[in-house]
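# Remarks on the overall topology
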Amino acid sequence: MSVIAATLISLLVCAFAAGLEGACAGKNVKPFFATLRFPRYAAPLWLWMIIGGCYYLIFFFLLFRLLRLSTHPARWYVALALILFMMIANGLTNYVIFRARDLYLSFIIGAIAPITDIALFVLLARLDRTAALAMIPYLLYRVYAVYWGYALWRANQPQPQG
């Protein structure tokens, strides 16, 4: 696939995923954040926006690299499907957090997500080493995100009345 086509498709997929993420989050992100108790190592909302931007840069790059490969073995299709699944699931998780306000379910989803992360990393390592290496910051972030999700859920459990 040409550079222009791979760039446009990657941009469109990222734009769709970002739109889905925004639609699922809704308009009450800041007010909801203001109601939460955060672990002491929690990133402020502005930093989450930068993290989100880095997420989309990484996934743009992964898509671009995959689309530019000249051969498409079965693992190529699986890797592409995993990327699309991961991006859609990421967007839908915003519904769980910001609209359903279910921090426990959000933590469970976040704790299961590393399965797909590792599967994608292994596939990319066999398809395109550069793409696999580009995933490392995301994988490191995921460790933080799982721990943060757990701590956020625990900090916001209802306090026993008594």
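Attention in this report is confined to the structure presented alongside it. Position numbers for residues count from 1 along each chain, tracking the sequence in the order it is written. Totals for whole chains, interfaces and linings use every residue, but because this is a predicted model, local features are given only for residues with pLDDT of at least 70 and side-chain atom pairs only at 80 or more, for both listing and counting. Values reported for side chains reflect all heavy atoms of the structure, with hydrogen atoms and water molecules removed beforehand.

It is worth spelling out a nonpolar patch on the surface at this point. On the surface, a nonpolar cluster with roughly 310 Å² of combined accessible area is contributed by Ile4, Leu8 and Leu11. Helix numbering and strand numbering both begin at the N terminus, where a helix is a DSSP run of H or I of at least 4 residues and a strand a DSSP run of E of at least 2. Looking at the element boundaries, leucine 8 is found in helix 1 (residues 3-25). By definition, no residue in a patch forms a salt bridge, and every one has over 30% relative accessible area; like charges are joined within 9 Å, nonpolar side chains (Val, Leu, Ile, Met, Phe, Trp, Tyr) within 5 Å. The method behind every accessible area is Shrake-Rupley, applied with a 1.4 Å probe, and residues are considered shielded solely by the protein chains displayed. Each salt bridge in this description consists of a side-chain nitrogen of Lys or Arg and a carboxyl oxygen of Asp or Glu lying within 4 Å of one another.

With that out of the way, let us pick up helix 6 (residues 114-127). Here helix 6 spans 19 Å end to end across 14 residues, near enough to the 20 Å set by a 1.5 Å rise per residue. For helix 6, every residue scored as buried is listed here: Thr116, Asp117, Leu120, Leu123, Leu124 and Leu127. Seen end-on, helix 6 carries its buried residues on one side only, within an arc spanning 135°. Of the exposed residues in helix 6, the ones pointing more than 90 degrees away from its buried face are Ile115, Ile118 and Arg126. Contacts: residue pairs with any heavy atoms within 4.5 Å of one another. On its buried face, helix 6 sits against helix 3 (45-68), helix 4 (74-99), helix 5 (103-112), helix 7 (129-134) and helix 8 (136-155). Under the convention used throughout, the expected extent of a helix is 1.5 Å for every residue step, that is, one less than its residue count. Three exposure classes are used, based on accessible area relative to the maximum for each residue type with a 1.4 Å probe and protein chains only: buried under 20%, partly exposed in between, and exposed over 50%. By arc we mean the arc of the directions from the helix axis to the C-beta atoms, nothing more.

Moving on to the pattern of salt bridges. For the structure on display, the rule yields 2 salt bridges. Between aspartate 128 and arginine 65 there is a salt bridge whose closest N-O contact spans 2.7 Å. You can see aspartate 128 sitting in the loop between helix 6 and helix 7 and its partner arginine 65 sitting in helix 3, a full 63 residues away along the chain. What makes aspartate 128 buried here is its relative accessible area of 7%. We note a salt bridge from aspartate 117 to arginine 142, for which the minimum N-O separation is 2.7 Å. Taken as a pair, aspartate 117 in helix 6 and arginine 142 in helix 8 lie far apart in primary sequence, 25 residues in all. Overall, the relative accessible area of 16% leaves arginine 142 in the buried class.

This part takes up the layout of surface pockets. Size it by volume and the largest pocket reaches roughly 1,100 Å³. Around the largest pocket sit 44 residues that line it, and Glu21, Asn90, Asn94, Ile97 and Tyr141 are the ones nearest its centre. For the lining of the largest pocket, the elements supplying multiple residues, two or more each, are helix 1, helix 2 (29-35), helix 3, helix 4, helix 5, helix 6 and helix 8. No other element matches the 9 residues that helix 8 contributes to the lining of the largest pocket. When residues are grouped by polarity, Ala, Val, Leu, Ile, Met, Phe, Trp, Tyr, Cys and Pro land in nonpolar, Asp, Glu, Lys and Arg in charged, and all others, Gly among them, in polar. For the lining of the largest pocket, the residue count by class is 30 nonpolar, 10 polar and 4 charged. Think of a 1 Å grid over the protein atoms and nothing else: a 1.4 Å probe that fits but is trapped marks a cavity, an open set flanked by protein within 12 Å on at least five of seven lines marks a pocket, and residues with an atom within 4 Å of a point count as lining. Grid points are joined across faces, edges and corners, and a volume is the space filled by probe spheres set on the points.

Taken by themselves, the reported measurements are silent on function.
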